[in-house]
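The residues making up each chain are set out below.
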Amino acid sequence: MRQDIKETIERLREEIRRHNYAYYVLDSPRVSDAEYDELFRRLEQLEREHPELITPDSPTQRVGAAPSDGFPTAVHAIPMLSLANAFSENELRDFDRRVRKLLDRDDVTYVAEPKLDGLSVELIYENGILVRGSTRGDGVNGEDVTANLRTVRSIPLRLRSINSSTPALDEARFVEARLVEARGEVFINKGDLRRLNEEREKNGLPPFANPRNLAAGSLRQLDPHVTATRPLRFYAYDYGRLEGIEVSSQIKLLDTLATLGIPTNPLRHICHGIEQAISFYHEFQRMRADLPYEADGIVIKVNDFASREKLGTVSRSPRWAIAGKYPAQQGVTKLKDIVVQVGRTGVLTPVAILEPLRLRGVEITHATLHNEDEIVRKDIRIGDMVIVQRAGEVIPQIVGPVIERRDGSEKEFVMPTTCPVCGSDVVRLPGEVARRCLNVSCPARIKESIVHFVCKGGFDIDGFGVKLVEQLLARGKISRVSDIFHLMRDNLIGLDRMGPKSADNLLRAIEHA
Ligand code: IVH
């Protein structure tokens with residue numbers, strides 16, 4: 001009996017791991033979310049009934065550890081280096097010239113990869129089990145953040161055992177992968193960061209300025225439960241020590257790590273000579289607006305490891321790699337006005353209304369100003385010409401005013417002392433940067449809570465959006481969240497773009513919720 005259960009549990013774990021591999025490494029899910037969740041629930045249930053069978057590498061054991069009071073130092077057996085930067089074609093050609101001179105040959109193959117904007121970490125697998133995860137720190141001494149890295153869903157807790165056929169690779173070498181130190185970047189997708197920041201601003205918390213801050217902040221959380229709520233991702237691109245596996249080039253390294261179940265970026269480009277790498281440098285600059293993640297450039301690496309060995313390192317950077325970066329995208333435009341929005345929890349957020357400006361192909365008309373302290377600190381005034389920047393950040397930032405272009409007509413912004421929507425007094429609670437409207441019946445708060453409730457992240461009711469909430473409120477059909485469950489067909493028909501059919505669909509969706 002017990003043996004049966006043990007086998008069932010192990011089978012479920014293997015199945016979940018296979019789905020994780022298909023999802024995070026191959027990027028082609030084999031099952032629906034519902035089917036996956038069902039497997040996961042069954043495993044959790046069995047483990048609840050038989051806690052003695054729980055092992056730390058079970059897919060259910062990502063968030064287990066209790067909050068810690070600090071992070072022990074993690075010494076990297078092989079230092080984690082940083083990269084030298086190039087900002088132009090010519091600097092890339094200089095790099096290539098040095099490489100060819102030192103190698104004493106002209107045909108060099110490079111691999112170009114996106115330079116992910118996050119935090120670099122090292123994962124150590126001993127006999128296939130994740131035993132330590134750490135930040136880069138100063139390159140030699142990082143922080144042991146194993147408990148937090150375990151919560152990152154794309155990081156495998158154990159490596160895949162290689163018994164399936166892997167034609168491109170020498171299987172015999174894998175089976176005994178005793179030690180694998182995989183290095184790569186923890187990052188977040190732009191859309192996830194946007195959603196997370198919206199949520200934070202609504203709750204009066206300062207938003208993360210860029211993916212790097214978010215990744216660093218999340219991995220240095222003392223409570224892994226908090227890290228687990230952040231939609232972090234991981235791609236490997238480098239290695240430390242390897243024992244029981246041999247790899248001879250960057251391309252083989254990436255393939256090998258992926259075969260072991262460690263996600264790597266599918267976007268990688270083999271370049272024969274620097275000119276091909278330069279073409280990719282330009283091509284990638286145009287591509288990156290459409291990528292799901294932030295990348296502030298590309299990394300160009302000598303493919304062949306024997307050549308890397310010859311090239312060596314100078315002052316913490318390898319001679320075999322270089323980061324090709326793009327200059328920050330900045331522009332100057334007029335700050336027409338600062339308006340104040342009231343969120344679901346009553347937090348007042350100042351928003352900059354800008355004279356439209358195009359940066360990196362995107363039209364910018366608004367920028368968040370976060371809070372009043374930020375406006376004072378940067379001395380931003382209404383009517384100012386301001387420097388707007390998008391450089392690795394998702395939300396456009398206002399760098400500051402162009403003081404020389406002031407003509408005296410600019411006005412200082414004063415945060416309202418009453419709610420701009422309902423007129424109630426606003427308060428700034430001790431320890432918070434935000435002011436809040438405390439009136440629970442404030443129409444802005446009601447609207448935002450209803451929107452939050454019906455939209456994605458809440459009940460996710462199909463067809464229920466901001467516009468519909470606004471109309472229903474304006475016509476007095478609803479005045480609080482629970483009213484949406486009492487809506488009738490007649491309340492809906494006749495609203496904008498709402499015929500009998502859409503009304504029925506919506507009612508069904510509400511019913512379902
Ligand atoms: S290779 C020194 N590849 O850039 C060789 N680094 O300044 C190891 N980074 O600390 C790094 N994407 O955080 C490499 N595809 C990539 C990368 C990458 C981002 C970061 C990494 C590193 C920094 C170097």
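Scroll up to find the structure.
For the structure given in this document, a descriptive report is provided here. (Residues numbered from 1 in each chain as written. Predicted model: local features only at pLDDT ≥ 70, side-chain atom pairs only at ≥ 80, totals over all residues. Heavy atoms only, no water.)

Here we look at the site of the ligand
As a reminder, the rule being used: Residue proximity to a molecule or strand is established when one non-hydrogen atom of the residue lies within 4 Å of it. Counting of polar contacts relies on pairs of N or O atoms within 3.5 Å, with two restrictions inside protein: one atom must be capable of donating a hydrogen and the other of accepting it, and residues adjacent in sequence are counted only when both atoms are side-chain atoms. Where accessible areas are quoted, they stem from the Shrake-Rupley method and a 1.4 Å probe; at the residue level, only the protein chains shown are allowed to cover. Counting from the N terminus, the helices are the DSSP runs of H or I reaching at least four residues and the strands are the DSSP runs of E reaching at least two. Three residue categories are used. Nonpolar comprises Ala, Val, Leu, Ile, Met, Phe, Trp, Tyr, Cys and Pro, charged comprises Asp, Glu, Lys and Arg, and polar comprises the others, including Gly.
In the vicinity of the ligand, 16 residues are found, and the nearest of them are E113, L116, E185, Y237 and K301. In the environment of the ligand, an oxygen atom lies 3.2 Å from a nitrogen or oxygen atom belonging to the side chain of K115. In this structure, L116 approaches the ligand through a main-chain N or O atom, which is 3.0 Å from a nitrogen atom. When the free accessible area of the ligand is taken as 520 Å², the share hidden by the protein chains comes to 90%. Elements that contribute at least two residues to the shell around the ligand include exactly strand 3 (109-116), strand 8 (233-243) and strand 10 (295-302). The residue makeup of the shell around the ligand, split by class, is 8 nonpolar, 2 polar and 6 charged.

What to know about the packing of aromatic side chains
The condition is simple: Classification of ring pairs uses Phe, Tyr and Trp, with its six-membered ring standing for Trp, and accepts pairs whose centres are within 6.5 Å; under 30 degrees between planes counts as stacked, over 60 as edge-to-face, and the remaining range as tilted. Geometrically, a charge over a ring is one whose NZ (Lys) or CZ (Arg) sits within 6 Å of the ring centre while staying within 35 degrees of the ring normal.
This structure, assessed with the given rule, holds 12 aromatic pairs. Centre to centre, the rings of F453 and F485 are 6.1 Å apart; their planes meet at 85 degrees, and the pair counts as edge-to-face. Of this pair, F453 sits in helix 13 (residues 443-454) while F485 sits in the loop between helix 14 (466-474) and helix 15 (489-492); the two residues are 32 residues apart in sequence, bridging distant segments of the chain. By way of ring pairs, the aromatic residues F187, Y235 and Y293 are connected into one cluster. Its guanidinium or amino end placed over the ring of Y21, R160 lies 3.6 Å from that ring's centre, counting from NZ or CZ. Positioned over the ring face of W320 is R308, at 3.9 Å from the centre of the ring.

Remarks on helix 1 (residues 2-25)
Using the following cut-off: Here the expected span of a helix is defined as 1.5 Å times the quantity of residues minus one. Partly exposed residues are those whose accessible area sits between 20% and 50% of the maximum for their type, while under 20% is buried and over 50% is exposed, using a 1.4 Å probe and protein chains only. Contact definition: two residues touch when any of their heavy atoms are within 4.5 Å.
For helix 1, spanning 24 residues, the distance from its first C-alpha to its last is 34 Å, which sits close to the expected 34 Å at 1.5 Å a residue. For helix 1, every residue scored as buried is listed here: I5, I9, L12, R13, I16, R17, H19, N20, Y21, A22 and V25. Tucked inside the fold, the buried residues of helix 1 contact helix 2 (33-49) and helix 9 (250-259). Phi turns positive one or two residues past the end of helix 1, at D27, with a value near 60 degrees.

A word on the side chain of S154
With respect to the element layout, S154 can be found in the loop between helix 4 (146-149) and helix 5 (171-175). A distance of 3.2 Å separates a polar atom in the side chain of S154 from the backbone nitrogen of F234. Not counting residues up to four positions away in its chain, the partners in contact with S154 are Y24, R233, F234 and P263.

Examining the sheet that holds strand 13 (residues 321-325)
Using the following cut-off: Between any two strands, at least two bridges found by DSSP are needed for them to pair. Every axis corresponds to a line fitted to the C-alpha atoms, with the helix fit spanning only the stretch in contact, and the corresponding angles, defined between N-to-C directions, vary from 0 to 180 degrees.
With respect to topology, 5 strands assemble into an open sheet ordered 2-13-10-3-9, the strand pairing being mixed. Edge strands, defined here as strands with exactly one partner in the open sheet, are strand 2 (85-86) and strand 9 (269-272). Where strand 2 and strand 13 come together, 2 bridges link them in parallel fashion. Of the residues in strand 13, the one forming a bridge with N85 is A323. Taken strand by strand, helix 9 contacts strand 3, strand 9 and strand 10, and its axis lies near 50 degrees from that of strand 3.

Some points on the environment of D57
In this fold, D57 is placed in the loop between helix 2 and strand 1 (73-75). For D57, a relative accessible area of 11% puts it in the buried group. For the pair D57 and Y237, spaced 180 residues apart in the sequence, the C-alpha separation amounts to 23 Å. Filtering out sequence-adjacent residues up to four positions away, D57 remains in contact with R17, I129, L157 and R158. Side-chain polar atoms of D57 contact the side chain of T55, separated by 2.7 Å.

Observations concerning helix 9
Burial of helix 9 is extensive: 8 of the 10 residues sit out of reach of the surface. Those residues of helix 9 that fall on the buried side of the exposure criterion are Q250, I251, L253, L254, T256, L257, A258 and T259. Just past helix 9, the residue G261 takes up positive phi, approximately 100 degrees.

Quick word on the pattern of salt bridges
For clarity, the threshold we go by: Basic side-chain nitrogens of Lys or Arg form a salt bridge, by our definition, when they fall within 4 Å of a carboxyl oxygen of Asp or Glu.
A complete count under the given rule lists 35 salt bridges for this structure. E38 serves as the salt-bridge partner of R41, at 3.3 Å between the closest nitrogen and oxygen. Of this pair, R41 and E38 both sit in helix 2, separated by 3 residues, roughly a single helical turn. With a shortest N-O distance of 2.9 Å, D373 and R428 are connected by a salt bridge. Highlighted residues: D373 in helix 12 (residues 372-378) and R428 in strand 21 (residues 426-428), separated in sequence by 55 residues. Through salt bridges with shared partners, a single network forms among E10, R13, E14, R17, E47, D57 and R158.

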